[in-house]
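Observations on the model geometry
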Amino acid sequence: MKQRIIGLDVARTFAVIGMIIVNFKMVLGKQGAEWAQLVTGVFEGKAAATFVVLAGVGLALMSNTAFHNNDLQKLKQARIRITKRALFLFLVGLSYMDIWPADILHFYGIYMFLVILLLKAKPKLVFGTALFLILVYPLMMLIWQYDTGWDFETFEYSGFWTLEGFVRNLFYNGYHPVFPWAAFMLVGLWFGRQDLHNASFIKKTMWISLSTFVFIQLTSYVLIHLLSDGDAVLANELSQILGDSPMPPLPIYMISGSSIALFVITLCIQLGKKFDSNKVIQAFNNMGQLALTFYVAHVVIGMGLAEEIGIHELGQYPVEFALIYALVFSLFCILFAVVWKKYKTTDPLEWLLRKVVG
């Protein structure tokens, strides 16, 4: 797997742009034109899931040579390297929690520790563990109340900086809790252990994942429609259990998110191979290689700039403005990446990571 797969970086670009759209909508405002709400709604829960699955793929590619050769020394080195990266991302994510409480990076760091435990495991065990995390979550909800700490009117979480609140938020009812969100990274680890240069495998995975996604969506819709029997209030309540909302992250959402992530990734791999010299693909490839920097930048710079402009209070902008602002910000990210990659090879934040942790 020495040859870099362009499609993976293209998929990272789509995932980051999707997260920018969703997060800007969350911060700037959700009310407004129906078309803009529909467009932004497409990315909710799916872009972040794809981002995490891609992280798992990256960790697999980092350790594939050692894994397939059963090189214990290199596997140990990979574990040390992943541990350092996990701690770095965990601390970076926590560093700006006061300005962005929906951060994913500190969760991301904990998912990586689970990957470390399974770095030597066979792909079937990795996939089985992911499935276990997905299926055990509803049982956890029978034991612990999901909305503890939450004010869903303001989306504020009380007691976050207490030990109990922090652990509960991190592992159970935060924006991207370890149970079951770590399953996305394990799905990525499973996928990355396969031969990603095998065109037959990529096409097969693409169609299976798309079929699974469509089946899950249709099943969800039919069940909610039949069980609610036209009662709008009941339909809304059922959608919390049988819908594909990421909060709470129940099995329908997790399977749906994993499926669409694999579809996007496999589709991008094929596009990357077929149009590897295309300027748009190359530009997306460049942005994808700087994905970590752009994730942090959209919080610190993108949201910070919107607050400084101050046309409205945060949360009071129309959703169509949030969408357009997200797309313009993403365009600037692409342009920055194209220029940056002409002179540098490393993601700025990745460079800092290597300087700090080696």
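Structure's up top.
Every chain is numbered on its own, with residues counted from 1 as its sequence reads. Owing to the predicted nature of the model, reporting of local features is limited to residues with pLDDT of at least 70; listing and counting of side-chain atom pairs is limited to 80 or more, with chain, interface and lining totals taken over all residues. Think of the side-chain values as coming from all heavy atoms in the structure, minus any hydrogens and water.

Some details on the packing of aromatic side chains
- Aromatic pairing here means that ring centres of Phe, Tyr or Trp (its six-membered ring) are within 6.5 Å. Orientation follows from the plane angle: under 30 degrees is stacked, over 60 is edge-to-face, and everything else is tilted. Applying the stated criterion across every chain, the model contains 28 aromatic pairs.
- For the pair Trp150 and Phe155, a centre-to-centre distance of 6.0 Å together with 70° between the ring planes defines the contact as edge-to-face.
- Here's how the labels work: a residue is buried when its accessible area is under 20% of the maximum for its type, exposed when over 50%, partly exposed in between, all with a 1.4 Å probe on protein chains only. Residue Phe155 is classed as partly exposed on the basis of its relative accessible area, which comes to 32%.
- Positioned over the ring face of Phe67 is Arg193, at 4.2 Å from the centre of the ring. By definition here, charges over rings are those cases where NZ of Lys or CZ of Arg is within 6 Å of the ring centre and within 35 degrees of the ring normal.

Focus on the packing of helix H6 (residues 123-143) against helix H8 (residues 178-192)
- Here, axes are lines fitted to C-alpha atoms. For helices the fit covers the stretch in contact, and angles between N-to-C directions go from 0 to 180 degrees. Helix and strand definitions follow DSSP, with helices as H or I runs of at least four residues and strands as E runs of at least two, each counted in order from the N terminus. The interhelical angle for the contact between H6 and H8, taken along N-to-C directions, is 165°, at an axis separation of 8 Å. What the angle tells us is that H6 and H8 run roughly antiparallel. The handedness of the crossing between H6 and H8 comes out as left-handed. On the side of H6, the interface is formed by Pro123, Val126, Phe127, Thr129, Ala130, Leu133, Ile134, Val136, Tyr137 and Met140, while H8 contributes Phe179, Pro180, Ala182, Ala183, Leu186, Val187, Leu189 and Trp190.
- For this classification, the nonpolar set comprises Ala, Val, Leu, Ile, Met, Phe, Trp, Tyr, Cys and Pro, the charged set comprises Asp, Glu, Lys and Arg, and every other residue, Gly included, is treated as polar. Here the contact of H6 with H8 is built from residues that sort into 17 nonpolar, one polar and no charged. Working rule for angles: under 35 degrees goes down as roughly parallel, over 145 as roughly antiparallel, 65 to 115 as roughly perpendicular, anything else as oblique. Each crossing gets its handedness from the near helix: less than a right angle anticlockwise from the far helix is left-handed, clockwise is right-handed. Two residues form a contact once any of their heavy atoms are found within 4.5 Å.

Notes on the layout of surface pockets
- Cavity: a set of points on a 1 Å grid over the protein atoms alone where a 1.4 Å probe fits but cannot get out. Pocket: an open set with protein on both sides within 12 Å along at least five of seven lines, its lining residues, like those of a cavity, having an atom within 4 Å of a point. Grid points are joined across faces, edges and corners, and a volume is the space filled by probe spheres set on the points. There is about 1200 Å³ of room inside the largest pocket.
- Lining of the largest pocket is provided by 38 residues; of these, Met26, Lys30, Phe155, Tyr175 and Met247 occupy positions nearest its centre.
- At seven residues, the largest contribution of residues to the lining of the largest pocket is made by helix H1 (residues 6-28).
- In terms of residue class, the lining of the largest pocket is made up of 22 nonpolar, nine polar and seven charged.
- Looking at the second largest pocket, its volume works out to about 950 Å³.
- The set of elements that each furnish at least two residues to the lining of the second largest pocket consists of H1, helix H3 (46-68), helix H4 (72-95), helix H5 (105-117), helix H12 (279-289), helix H13 (291-309) and helix H15 (348-357).
- The element that contributes the greatest number of residues to the lining of the second largest pocket is H3, accounting for seven residues.
- Of the residues in the lining of the second largest pocket, the class split is 14 nonpolar, six polar and ten charged.

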